[in-house]
Amino acid sequence: MASVIYRHDGRPVLFNQVNSYPGWRVLAGLASAREYFAMALGVPVGQLVQRMVAALEQPVAPPLASQAACQEVIEPEVDLNRLPILRHFAFDGGRYVTAGILILNDPDHGPNAAFHRLLQLDKRRFAARVVEGRGTDRALRKVSGDLPVAICIGNGLPALLAASMSPPDGVNELAVANALAPTPVVACRTVPLYVPADCELVLEGRLTHTVAPEGPFVDLTETMDFVRPGPVIEIDCITHRYAPIYQALLPGRLEHKYLMGIPKEPTIMAAVNQVCRCTGVVITPGGTSWLHAVVQIEKQSPDDGRAAIEAAMRGHPSLKHVVVVDTDVDIFNPAEVEWAIATRFQADRDLLIWHDQPGSSLDPSASHQPGRKSRTAKMGLDATIPWGAPRANFQRVRYA
Ligand SMILES: Cc1cc2nc3c(=O)[nH]c(=O)nc-3n(C[C@H](O)[C@H](O)[C@H](O)COP(=O)(O)O)c2cc1C
């Protein structure tokens, strides 16, 4: 199945019949093109980032449904082996849930939703990858016992997008999802949590302080992430639709890349807008959709390019390299961005470099030590037209 999904990268794939898993269908690739996000939110591709900025600024509490499709069937017994969870590579640590949204209540800030890859350990348990310092990790550190969780699988794009965002503490990601498109919620059966009513499958249980080896796993960078201890999740109840579709996601390919990268574009845009006028942001798939961004600005003062670089790094702390361009450069076209670097950028004038910064745990070239935030160098290229230079010298001719 993983290789079929790979061959259709960029398009949704629905498996109507899966050997040994009667009653289940499997879907992958729902989020594998920028156009699908635009379709789901009813905006052109170029307006996606503004739409997400608006939803982040004005979340709308989701309506509460009394009945929900995701609870049509309540499994009499928990057996994760009955779910068509994929193993993507022979050398992966095992079968991995990759498109699950984990919802919990932070004791201080309320509901939090985030993706966590989950390695199936046995019939009832997973080992989770929980990145240090993010919502799930911070919530778990606040409690001495188990933390109730719900893992929702088979979500629409608004919920998937919102779960990948990190809004300020106290902002419920499901309210951000509901501001993107109507996302009613329903109360879980065995835990005091609310989940998107229209998802396909919900695993209710507890995030524990017990740890188990998690990994190896091919991650966003298409390189192997190593084995670390991860907290164990115990599942106590499974609910799903009558004819459920299990949502799969092939790690490292386009769907993973867009879901990681696109939600960081609004936070970069908001940060850059604080220092100058930002007209577009794209996190590029070539930069693993996490480590590289292109920022477009309408330059109004000599230092705008430099200020935009610094702000972009604040807006997405895992960002490693950023290029800033003017409004006449198509940020979705890598050749145009490179053209701007070739014709507007001088390395000894327009390059910013930082040494030994906190960076992404996903970057194999960074320095990684157990229990310590990964460290990396960072770089920003100001490829905007130098201030005061005659614009005519930098303008691209039109051939038609
Ligand atoms: C497909 C996908 C898989 C992800 N896997 C993980 C993961 O295994 N562990 C993790 O900590 N974050 C993972 N993330 C990132 C978090 O979902 C993301 O950082 C989220 O914004 C964290 O939200 P929070 O800061 O509100 O907790 C993943 C994101 C996506 C889109």
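Description of the structure in this document. The model shown is predicted, which means the values in this text are computed figures rather than measured ones.

Concerning the overall build of the protein chain
Assigned secondary structure in the protein chain consists of 11 helices and 22 strands. Against the 2.2 N^0.38 benchmark of 21 Å for 400 residues, the protein chain shows a C-alpha radius of gyration of 22 Å, consistent with a compact globule. In the protein chain, which comprises 400 residues, the share counted as buried stands at 56%. On the protein chain, roughly 17,500 Å² of surface is accessible, and the fraction owed to carbon and sulfur atoms is 53%. Averaging the positions of the 38 positive and the 41 negative side-chain charges in the protein chain gives two centres separated by 2 Å.

With respect to the pattern of salt bridges
Summed over the entire model, instances satisfying the criterion amount to 27 salt bridges. Measuring nitrogen to oxygen at the nearest pair gives 3.0 Å for the salt bridge that ties E222 to R253. Separated by 31 residues along the polypeptide, E222 in the loop between β13 (217-218) and β14 (224-225) and R253 in the loop between β16 (245-247) and α7 (254-261) bring together distant segments of the chain. The closest approach of N and O atoms between D326 and R344, which form a salt bridge, is 3.1 Å. Here the residue D326 occupies a position in the loop between β19 (321-325) and α10 (334-344), and R344 occupies one in helix α10, the gap between them amounting to 18 residues. Grouping residues by exposure puts D326 and R344 together as buried. Put simply, R117, E214, D219, D225 and R228 are held in one network by salt bridges that share partners.

What to know about the nonpolar core
By size, the foremost hydrophobic cluster in this structure holds 44 residues, and its most contacted members are F37, C70, I101, I103, L161 and V195. Those elements giving two or more residues to this core turn out to be α2 (34-41), α3 (48-57), β5 (101-106), β9 (147-153), α5 (157-163), α6 (173-180), β10 (185-187) and α7. Among the elements that take part in this core, α5 stands out by supplying 6 residues, more than any other. Beyond its immediate chain neighbours, meaning those up to four positions away, V195 contacts C70, I103, A150, C152, L174, P184, V185, V186, C188 and V202.

Quick look at helix α9 (residues 304-315)
In a regular helix each residue adds 1.5 Å, so 12 residues correspond to 16 Å; α9 covers 16 Å between its end C-alpha atoms and thus fits that length. Considered for burial, the residues of α9 that qualify are D304, G305, A308, I309, A311, A312, M313 and G315. Looking at the packing, one finds that the buried side of α9 touches α8 (264-273), β18 (292-298), β19, β20 (351-358) and β22 (372-382).

With respect to the sheet that holds strand β2 (residues 25-28)
Judged by pairing direction, the sheet is mixed, and its 3 strands sit side by side in the order β1-β2-β16 without closing on themselves. The outermost strands of the open sheet, each flanked by one partner alone, are β1 (13-15) and β16. In this sheet, neighbouring strand axes are inclined to one another by 25° on average, regardless of whether the strands run parallel or antiparallel. Summarising the sheet, β2 and β16 pair through 3 bridges and their orientation is parallel. Paired with V26 across the two strands is Y246, which belongs to β16.

Digging into α6
With 8 of 8 residues buried, α6 is to be regarded as a mostly interior element. All buried positions along α6 are accounted for by E173, L174, A175, V176, A177, N178, A179 and L180. Capping the start of α6, N172 holds a side-chain oxygen 2.9 Å from the backbone nitrogen of L174, two or three residues further along.

Quick look at the site of the ligand
Not every one of the 21 residues close to the ligand is listed here, only the nearest: R117, R129, V131, G135 and S164. Between N112 and the ligand, the recorded distance is 2.9 Å, taken from a side-chain N or O atom to an oxygen atom. Here a nitrogen atom of the ligand sits 3.4 Å away from a polar atom, N or O, in the side chain of H116. Among the elements of the structure, β6 (110-115), α4 (135-141) and α7 are those that each provide at least two residues to the shell around the ligand. Residue composition of the shell around the ligand, grouped by class: 9 nonpolar, 7 polar and 5 charged.

Re empty space enclosed by the protein
Per the stated rule, a full pass over the model turns up 1 cavity of 30 Å³ or more. A volume near 60 Å³ is recorded for the largest cavity. Every residue lining the largest cavity is listed: I5, H8, D9, G10, R11, V13, A28, G29, S32, L250, R253 and E255. A per-class count over the lining of the largest cavity returns 4 nonpolar, 4 polar and 4 charged.

Let's talk about the side chain of R34
Within the secondary structure, R34 sits in helix α2. Within polar-contact distance, the side chain of R34 engages the side chain of E265 at 2.8 Å. Not counting residues up to four positions away in its chain, the partners in contact with R34 are V45, L48, Y258, I262, E265, V282, I283 and F332.

Brief notes about the packing of aromatic side chains
Inspection of every chain in the model, using the stated rule, returns 2 aromatic pairs. When the centroid spacing of 5.3 Å and the interplanar angle of 20° are considered together, the rings of F89 and F91 count as stacked. Look at F89 and you get partly exposed, because its relative accessible area is 29%. Residue classification places F91 among the partly exposed residues on the basis of a relative accessible area of 46%. The interplanar angle of 55° and the centroid separation of 4.4 Å between the aromatic rings of Y96 and F217 together place this pair among those described as tilted. Placement of the pair is Y96 in strand β4 (residues 96-97) and F217 in strand β13, with a sequence separation of 121 residues. Residue Y96 is classed as buried on the basis of its relative accessible area, which comes to 0%. Looking at F217, the relative accessible area reads 2%, which means it is buried. Positioned above the aromatic ring of F226 is the side chain of R228, whose terminal nitrogen or guanidinium carbon lies 4.3 Å from the ring centre. The ring of W339 carries the charged tip of R396 above its face, separated from the ring centre by 4.4 Å.

Cut-off values and rules
- Residues numbered from 1 in each chain as written.
- Predicted model: local features only at pLDDT ≥ 70, side-chain atom pairs only at ≥ 80, totals over all residues.
- Heavy atoms only, no water.
- Helix = DSSP H or I, 4+ residues; strand = E, 2+ residues; numbered from the N terminus.
- Rg over C-alpha atoms; globule rule 2.2 N^0.38 Å.
- Buried < 20%, exposed > 50% of the residue type's maximum accessible area, 1.4 Å probe, protein only.
- Areas by Shrake-Rupley, 256 points an atom, 1.4 Å probe, with all protein chains shown as cover.
- Lys, Arg positive; Asp, Glu negative; His and termini not counted.
- Charge placed at Lys NZ, Arg CZ, Asp CG, Glu CD.
- Salt bridge = Lys/Arg side-chain N within 4 Å of Asp/Glu carboxyl O.
- Core = buried A, V, L, I, M, F, W, Y, C linked by side-chain atoms within 4.5 Å.
- Contact = heavy atoms within 4.5 Å.
- Expected span 1.5 Å × (residues − 1).
- Pairing = 2+ DSSP bridges.
- Axes fitted to C-alpha atoms, helices over the stretch in contact; angles between N-to-C directions.
- Polar contact = N/O pair within 3.5 Å; in protein donor to acceptor, adjacent residues only side chain to side chain.
- Near = heavy atom within 4 Å.
- Nonpolar A, V, L, I, M, F, W, Y, C, P; charged D, E, K, R; others polar.
- 1 Å grid on protein atoms, 1.4 Å probe; cavity = no way out; pocket = protein on both sides within 12 Å on 5 of 7 lines; lining within 4 Å.
- Points joined across faces, edges and corners; volume = space filled by probe spheres on them.
- Phe/Tyr/Trp six-rings, centres within 6.5 Å; stacked < 30°, edge-to-face > 60°.
- Lys NZ or Arg CZ within 6 Å of the ring centre and 35° of its normal.

The quantities given are spatial measurements derived from coordinates; they are silent on function.
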